[in-house]
Amino acid sequence: MFNAIVSAATLRDALDSVSVLVEECKIRLNEDDLSITAVDPANVGMVDLTLEAAAFESYEADGGVIGVNLNRLEEIAKMANADDLVHLELNEETRKLHIQIDTADSQLSYTLALIDPDSIRKEPDIPDLDLPASIVLEGAQLDRGIKAADMVSDHISLRVDEEEETFHIEAEGDTDDVDLTLTKADLISLSAGPANSLFSLDYLKDMNKAIPKDAEVTVDLGEEFPVKLHYSIAEGQGQVTYMLAPRIQSN
Amino acid sequence: MFNAIVSAATLRDALDSVSVLVEECKIRLNEDDLSITAVDPANVGMVDLTLEAAAFESYEADGGVIGVNLNRLEEIAKMANADDLVHLELNEETRKLHIQIDTADSQLSYTLALIDPDSIRKEPDIPDLDLPASIVLEGAQLDRGIKAADMVSDHISLRVDEEEETFHIEAEGDTDDVDLTLTKADLISLSAGPANSLFSLDYLKDMNKAIPKDAEVTVDLGEEFPVKLHYSIAEGQGQVTYMLAPRIQSN
Amino acid sequence: MFNAIVSAATLRDALDSVSVLVEECKIRLNEDDLSITAVDPANVGMVDLTLEAAAFESYEADGGVIGVNLNRLEEIAKMANADDLVHLELNEETRKLHIQIDTADSQLSYTLALIDPDSIRKEPDIPDLDLPASIVLEGAQLDRGIKAADMVSDHISLRVDEEEETFHIEAEGDTDDVDLTLTKADLISLSAGPANSLFSLDYLKDMNKAIPKDAEVTVDLGEEFPVKLHYSIAEGQGQVTYMLAPRIQSN
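Just so it is clear, the model here is predicted, and its values are computed rather than measured. (Residues numbered from 1 in each chain as written. Chains lettered and ligands numbered in written order. Predicted model: local features only at pLDDT ≥ 70, side-chain atom pairs only at ≥ 80, totals over all residues. Heavy atoms only, no water.)

Visitor: Would you take a moment to explain the overall build of chain A for this structure?
Guide: A tally of regular secondary structure across chain A gives four helices and 18 strands. Its C-alpha radius of gyration of 20 Å places chain A within 12% of the 18 Å reference for a compact globule of 251 residues. With the C-alpha coordinates of chain A rotated into their principal frame, the extents come out at 60 × 35 × 30 Å. The buried share of chain A, reckoned over its 251 residues, is 54%. Expressed as a percentage of contacts within chain A between residues at least 6 apart in sequence, the contacts between residues at least 24 apart total 68%. When the accessible area of chain A is evaluated, it comes to approximately 11100 Å², of which 42% is carbon and sulfur surface. One finds the centroid of the 18 positive side-chain charges in chain A at a distance of 5 Å from the centroid of its 52 negative side-chain charges. (Helix = DSSP H or I, 4+ residues; strand = E, 2+ residues; numbered from the N terminus. Rg over C-alpha atoms; globule rule 2.2 N^0.38 Å. Buried < 20%, exposed > 50% of the residue type's maximum accessible area, 1.4 Å probe, protein only. Contact = heavy atoms within 4.5 Å. Areas by Shrake-Rupley, 256 points an atom, 1.4 Å probe, with all protein chains shown as cover. Lys, Arg positive; Asp, Glu negative; His and termini not counted. Charge placed at Lys NZ, Arg CZ, Asp CG, Glu CD.)

Shown next as structure tokens:
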């Protein structure tokens, strides 16, 4: 059983955070929240999304799992205005999701065929890492660093200078280098520690697409360890965590 | 003889309504109005445009016919701002149309070579159908239904539910279905009758491009009959009618 | 030695004026100004840019010459907001240009590898022509004429009618003709003289891309002579001059 009503804006923010990594996913319709955990085909980037029942106008579920094509679901959500309410109801017999968007002067019904969850890649176990450094910054600052790195390289280094108490987003190209420096004063907060890891830029660019520019993003970082990126959606009633495996530093 | 002055916005609205179906057309320069009737190469979609003399700042004509390349004429009209006046004058000897756009600080003259009207596809006879149902809705509502149908199919069904007094824009895809329901309260007006016809979505998408989102569109409909779409331009002094042949329903 | 600070907007306007013609150029770091002179590979279009020391927040230079990839430098300048200050500093030893963009909440450093100036095409000698006609118009008027000409031809004619005291931007296509007429009243100023020359439209389109729509553009013109286009940037503390060789008129 699944029967829920949610604003189109919240639904879109939630779907966007997952669709940048995978095309299909399992959605867990838990009693108290809706959750998605997925890993990209190369097992490099993971996402963990939770949307609490309180993020919905109304929410009823009893623990089922459905498989969906995310692009298709996003396309439907885009037919709504941000304020429109989207009604989602699972038909257990037909295994179809009935989606209704009510606007001021129309009712749009969409019947979406679901995907067999068993045909979707297994959900990853997200490792519980205790990372030594933690940086909180604005989505716009992360975006600036990623765009700058993209001018010179396919890789990006995230690094904390413990002495200077600065966070660095860096890239080394064949001829040119780039370094975005964020001081403690520039950041929302910085908990310094030994942290310096290299990542594939493509994955960070994809994750960055979904992160709102005004989001507070927490970056947990270590030395040649995965990075964890965390931010809230749905006015704090939804949580997105990305985890990205490091590349081995060549020097 | 043809000598007329018209606002760029009115000229563009008029040309757009025809150019979505055909690239070349005959323009009839009647004494009391300018009119275009055209059918697409596959004989599926027709357009009938009338722009009354009152829609012009000044209008003089004596019943001639000219052939024009619509894309070219639209490109010229786009050089003007919406409020600019466009002066059109036919040179009978050279068979060229002299177009002048006066702006605040320039005079743009364009000499357009005309096309021999005999080389252009014959104008269609638009059948005078008495269709049992008539719906009046906003261009934006039609647009929403067409965009929704386009997510799942190449065909679109327009249907009136006489009992519920609702108008349905529907599409059936291989796995997914979509239905935009407009109640009598959602519509500007509904005159119910037996009406359910299937159409090629491509044609409706093209016609939809020309229909202003805030236009009042009258949809005349029957059972497996052509649909007539009608709206006004030039503050009521111009009329556009589209007619689209039905597809045979497969069930 | 080169150490300067300039607003991102001024830097971008300066670079744009050159990059429409060439990809690489020499920058002369003179004591009192920064200057670039370049000619396109076909030796048809030239540009001469001067940015006075007063256009910078601070400027120190001693006459060196550096070679740069303009596209790369523009890409970096685009990372800044219009009001951001860009700090440029030459490292004589590494032959790299250190670029720093300070925003409200980050410091972006970019280390740009320079190009050996000897590997860049020789700077042209810009001929000192005494042209008989001079027209001053708005960038937007020139833009309108160039766009109109582009509808019908690959060539564009610039002509002064001495008797009527009008300036004409004209093009003759295979079937259609276009003429943008600017009267003395439409222009900022007109000093009439014998002037009628034909140009390749591609070059003028490229130059037009860099000319701000609200710039006052001075057009110096003769009979089958090069045209000189001149405008100011950086609130008058920068000067751009284009020179374009004529095409031979076919009639």
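Having put the structure on the table, let's press on.
Visitor: Would you mind showing me how to read the pairing of strand β11 (residues 155-161) of chain A here?
Guide: On any regular strand, side chains alternate: one points to one face of the sheet, the next to the other face. Residues and elements named next belong to chain A. Note: β11 against strand β15 (residues 195-200), six bridges, orientation antiparallel. The partner of Arg-159 across the bridge, within β15, is Asn-196. Here β11 pairs with strand β12 (residues 166-172) via five bridges, running antiparallel. In the strand pairing of β12, Leu-158 is matched with Ile-169. Hairpin connection, β11 to β12: the antiparallel pair is bridged by four residues, and Glu-165 has positive phi, about 55°. (Pairing = 2+ DSSP bridges.)

Visitor: Can you help me understand the relation of the copies chain B and chain A in this one?
Guide: To go from the first copy of the chain to the second, apply a rotation about an axis and then a shift along the same axis. Aligned on chain A, chain B shows an RMSD of 0.0 Å; the corresponding rotation is 120° and the shift along the axis is 0.0 Å. Overall, the copies show the geometry of a three-fold rotation axis. (Least-squares fit on C-alpha atoms with pLDDT ≥ 70 in both.)

Visitor: Just to check I follow, could you spell out the interface of chain B and chain A for this structure?
Guide: For interface size, the figure often reported is the accessible area lost on association. Each side of the interface is counted separately: chain B has 16 residues, and chain A has 17 residues. Here chain B packs against chain A, burying approximately 1400 Å² in sum over the two surfaces, 47% of which is carbon and sulfur. Taken as a group, Arg144(B), Met151(B) and Asp176(B) account for 45% of the area that chain B buries against chain A, more than any other trio of residues on that side. Where chain B meets chain A, there are one salt bridge. Two residues, Asp176(B) and Arg72(A), come together in a salt bridge whose shortest N-O distance is 3.3 Å. On the surface where chain B and chain A come into contact, there are eleven residue pairs in polar contact (both at pLDDT 80 or more). Within the residue set of the side of chain B that touches chain A, elements represented by two or more residues are α3 (139-150) and β13 (177-183) of chain B. (Buried area = accessible area lost by both parts, 1.4 Å probe. Salt bridge = Lys/Arg side-chain N within 4 Å of Asp/Glu carboxyl O. Polar contact = N/O pair within 3.5 Å; in protein donor to acceptor, adjacent residues only side chain to side chain.)

Visitor: Hey, could you run me through the interface of chain B and chain C in this one?
Guide: Each side of the interface is counted separately: chain B has 17 residues, and chain C has 16 residues. Carbon and sulfur atoms make up 48% of the surface buried where chain B meets chain C, a total of about 1400 Å² over both sides. Considering only the surface of chain B that becomes buried against chain C, Met79(B), Asp105(B) and Gln107(B) emerge as the three largest contributors, covering 37% of it. Our count for the chain B to chain C interface comes out at one salt bridge. Inspection of the chain B/chain C interface yields eleven residue pairs in polar contact (both at pLDDT 80 or more). Contributing elements (two or more residues each) for the side of chain B that touches chain C: α2 (70-77), β8 (96-103) and β9 (106-113) of chain B.

Visitor: Help me understand a negative patch on the surface in this model?
Guide: Residues and elements named next belong to chain A. On the surface, Glu-162, Glu-163, Glu-164, Glu-223 and Glu-224 cluster together into a negatively charged patch. Position of Glu-162 among the secondary structure elements: in the loop between β11 and β12. Here Glu-162 falls in the partly exposed class, since its relative accessible area comes to 44%. (Patch = residues over 30% accessible without salt bridge, like charges linked within 9 Å, V, L, I, M, F, W, Y side chains within 5 Å.)

Visitor: I would appreciate a short explanation of helix α1 (residues 8-19) of chain B in the present structure.
Guide: An α-helical turn contains 3.6 residues, so a residue and the one three or four places further along point in the same direction. For α1(B), built from twelve residues, the straight-helix expectation of 16 Å at 1.5 Å per residue is met to within 8% by its first-to-last C-alpha distance of 16 Å. Within α1(B), the full set of buried residues consists of Ala8(B), Thr10(B), Leu11(B), Ala14(B), Leu15(B), Ser17(B), Val18(B) and Ser19(B). (Expected span 1.5 Å × (residues − 1).)

Visitor: For this particular structure, what's the right way to read the pattern of salt bridges?
Guide: As a working rule, side chains carrying opposite charge can pair if their charged atoms are close by. Per the counting criterion, the structure on display carries 27 salt bridges over all chains. Of the charged contacts in the structure, one is a salt bridge between Glu75(B) and Arg72(B), with a shortest N-O distance of 3.5 Å. Taken together, the positions of Glu75(B) and Arg72(B), both in helix α2 and three residues apart, correspond to about one turn of that helix. Classification of Glu75(B) as partly exposed rests on a relative accessible area of 35%. Taking the shortest distance from any N to any O, the salt bridge between Glu92(B) and Arg95(B) comes out at 3.6 Å. Each of Arg72(A), Glu75(A) and Asp176(B) takes part in a single network of salt bridges with overlapping partners.

Visitor: Would you take a moment to explain the domain arrangement of chain A for this structure?
Guide: Residues and elements named next belong to chain A. Segmenting chain A into domains produces domain 1 (2-119) and domain 2 (133-244). Relative to domain 2, the C-alpha centre of domain 1 lies at a distance of 28 Å. The interface is formed by 20 residues belonging to domain 1 together with 17 residues belonging to domain 2. At the boundary of domain 1 with domain 2, total buried surface from both sides reaches about 1400 Å², with 61% on carbon and sulfur atoms. The largest per-residue losses of area from domain 1 upon contact with domain 2 belong to Val-20, Val-44 and Met-46, which jointly make up 31% of the total buried on that side. Summed over the shared surface of domain 1 and domain 2, the result is zero salt bridges. (Domains from an automatic or database assignment.)

Visitor: Looking at this model, I keep getting lost on the sheet that holds strand β15 (residues 195-200) of chain C. Mind explaining?
Guide: Sheet strands line up and pair through hydrogen bonds in the backbone, either parallel or antiparallel. The nine strands lie next to each other as β5(B)-β1(B)-β7(B)-β8(B)-β9(B)-β13(C)-β12(C)-β11(C)-β15(C), forming an open sheet whose pairing is antiparallel. Bordering the open sheet on either side are β5 (58-61) of chain B together with β15 of chain C, each of which pairs with just one other strand. Each strand axis lies, on average, 20° off the axis of its neighbour in the sheet, ignoring direction. Of the pairings in the sheet, the one linking strand β1 (residues 2-7) of chain B to strand β7 (residues 85-91) of chain B comprises five bridges and is antiparallel in character. Its bridge partner lying in β7(B), Val6(B) is registered against Val86(B). Contacts from α1(B) reach β1 and β7 of chain B, with the element oriented near 100° to β1(B). In the packing of α2(B) onto the sheet, the strands contacted are β8 and β9 of chain B, and the crossing angle to β9(B) comes to about 175°. (Axes fitted to C-alpha atoms, helices over the stretch in contact; angles between N-to-C directions.)

Visitor: Sorry if this is basic, but what is going on with the packing of α1(B) against α2(B) here?
Guide: Geometrically, a packed helix pair is captured by the angle between its two axes and the distance between the axes. Residues and elements named next belong to chain B. Interaxial distance between α1 and α2 falls to 10 Å at its minimum, and their mutual angle equals 155°. In terms of their interaxial angle, α1 and α2 are classed as roughly antiparallel. With respect to the hand of their crossing, α1 and α2 are arranged in left-handed fashion. Side by side, α1 and α2 meet where Ala-8, Leu-11, Arg-12, Leu-15, Asp-16, Val-18 and Ser-19 of the first sit next to Leu-70, Leu-73, Glu-74 and Ala-77 of the second. (Parallel < 35°, antiparallel > 145°, perpendicular 65-115°, else oblique. Left-handed = near helix turned anticlockwise from the far one by under 90°.)

Visitor: Mind showing me how you'd approach the environment of Ile99(B) here?
Guide: Residue and element names in this part refer to chain B. Along the chain, Ile-99 falls in strand β8. Note on Ile-99: relative accessible area 2%, which makes it buried. For Ile-99 and Ala-77, which are 22 residues apart along the polypeptide, the C-alpha to C-alpha distance reads 9.2 Å. Once you skip the residues sitting within four places of it in the chain, Ile-99 turns out to touch Leu-73, Ile-76, Val-86, His-87, Leu-88, Leu-108, Ser-109, Tyr-110 and Leu-112.

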